[in-house]
Amino acid sequence: MNKLACFYTESRVSNLLVSNFCLPKPQSVVDLGAGFGSLLNATMQRWTNVNIYAAEIDPKGCNLLSKNYPQIKLVRTNGLKLHKCTRFNVNPGSIDIAVCNPPYLRLTNNLNYDDLFKTASLPACKSLRTLTSDIVFFAQNLRLLREGGELGIILPDSLITGHEFAELRKNLLERHGVFGVIQMPDKLFYKTEARTHILLIRKGGCRNSNVPIYRADHSMKLSNALNIPLESLHYRMDYDYWAWFTKSTLSIKNVSLGHLGADIRRGSVSHF
């Protein structure tokens, strides 16, 4: 992480994220915290002849992006204030694909973001006691996507598992289509042991009855999917919990009271 609270994305992570989109031929892609261009590079390797829009606040990152990717439409701006930036010439509701590894900062939840959360169909964000920059970036991406457009975003474990964000997860599941969650290995980002997850979302998209959840190892190989009922995912979205829950449920179904050591006997007293 640098002084801007950014954790830069390695190419192996970027390639995994981009490979899991479903849209075959997107016309436009946006990255609101482009960093040094890892996610953009993975995007251009998968799709050619696509219009790419990028925002980055770090002047060093902007210089590298301009040098290495002259074909992208780049604006130096703060992604937290993007909904008020007139220089970022992207119409809300127009983008096909959004990729994002947002920074992590604690923010003050005030009226500055109310309209943004409303536009992104995430009204639950307004009442959060803890607001962080990744939530704002999340909403900024959804604001820019067209209906049916897809977002791949790297989020901290707290948003995926924390009780305080259960209402936000419920909000998301009700209003958008989650088509995958990937639990990433621990210690994936430099100088942090924080666990992260890739969340794959289709804006306003159809909501399948089950959502596949995976765990990635350090080589980015995915486990077999756990298909979790949609109505249960607001509780938690992480692979480890649902793997434990599934195993525990199967074990309980095959255990009798005798296996648990119970001794059941008929009593000698009748009662009418």
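Keep in mind the model is a prediction, meaning the values are calculated, not measured.

Caption draft 1: The arrangement of the environment of Asn112 in detail. Positionally, Asn112 belongs in the loop between β5 (106-107) and α4 (114-119). Note: C-alpha distance between Asn112 and Lys81 (31 residues apart in sequence) is 9.2 Å. Not counting residues within four places of it along the chain, the set of residues in contact with Asn112 comprises His83 and Lys84.

Caption draft 2: A look at the packing of aromatic side chains. This model, assessed by the stated rule, comprises seven aromatic pairs. A centroid spacing of 5.0 Å and a plane angle of 80 degrees characterise the contact between Tyr241 and Trp242, whose relative ring orientation is edge-to-face. When sorted by exposure, Tyr241 lands in the same class as Trp242, which is buried. Joined through ring pairs, the aromatic side chains of Tyr235, Tyr241, Trp242, Trp244 and Phe245 make up one cluster. Positioned above the aromatic ring of Tyr53, the side-chain terminus of Lys73 is 5.3 Å from the ring centre. Here the guanidinium or amino end of Arg202 rests over the ring plane of Phe179, the centre of that ring lying 4.5 Å away.

Caption draft 3: The nonpolar core, seen in detail. Counting residues in each nonpolar core, the largest one holds 52 residues, and the members touching the most others are Phe88, Phe138 and Leu199. Counting residues per element, this core draws most heavily on helix α5 (residues 133-144), at seven residues. When residues no more than four places from it in sequence are discounted, the contact partners of Leu199 are Phe138, Leu151, Gly152, Ile153, Leu155, Leu172, Val178, Gly180, Val181 and Met237. Core analysis: the second largest hydrophobic core is formed by 30 residues, Val18, Tyr69, Ile198 and Ala216 among them.

Caption draft 4: Here's a closer look at the pattern of salt bridges. Here the structure, examined in full by the defined rule, presents seven salt bridges. Where Arg215 meets Asp240, a salt bridge forms, and the shortest distance between an N and an O atom there is 2.5 Å. Taken together, the residues Arg215 in strand β10 (residues 210-215) and Asp240 in helix α8 (residues 239-253) connect sequence positions 25 residues apart. In this structure Asp240 comes out as partly exposed when scored by relative accessible area, which is 27%. A cluster of three or more residues bridged by salt bridges with shared partners is formed by Asp186, Arg195, Arg215 and Asp240.

Caption draft 5: Representation of the sheet that holds strand β4 (residues 95-100). Spatially, β3-β2-β1-β4-β7-β9-β8-β10-β11 is the arrangement adopted by the nine strands of the open sheet, whose pairing is mixed. Every interior strand has two partners, whereas the edge strands, β3 (73-76) and β11 (226-229), have only one. The average undirected angle you get between the axes of adjacent strands in this sheet is 15 degrees. Note: strand β1 (residues 28-31) against strand β2 (residues 51-56), four bridges, orientation parallel. Considered in β2, the bridge of Asp31 is made with Ala54. Strands β4, β7 (145-156), β8 (177-183) and β9 (196-202) of the sheet are contacted by helix α1 (residues 11-19), whose axis makes an angle of about 150 degrees with β7. Packing of helix α2 (residues 38-46) onto the sheet brings it into contact with β1, β2 and β4, and relative to β2 it is tilted by some 175 degrees.

About the criteria used
Residues numbered from 1 in each chain as written. Predicted model: local features only at pLDDT ≥ 70, side-chain atom pairs only at ≥ 80, totals over all residues. Heavy atoms only, no water. Helix = DSSP H or I, 4+ residues; strand = E, 2+ residues; numbered from the N terminus. Contact = heavy atoms within 4.5 Å. Phe/Tyr/Trp six-rings, centres within 6.5 Å; stacked < 30°, edge-to-face > 60°. Buried < 20%, exposed > 50% of the residue type's maximum accessible area, 1.4 Å probe, protein only. Lys NZ or Arg CZ within 6 Å of the ring centre and 35° of its normal. Core = buried A, V, L, I, M, F, W, Y, C linked by side-chain atoms within 4.5 Å. Salt bridge = Lys/Arg side-chain N within 4 Å of Asp/Glu carboxyl O. Pairing = 2+ DSSP bridges. Axes fitted to C-alpha atoms, helices over the stretch in contact; angles between N-to-C directions.

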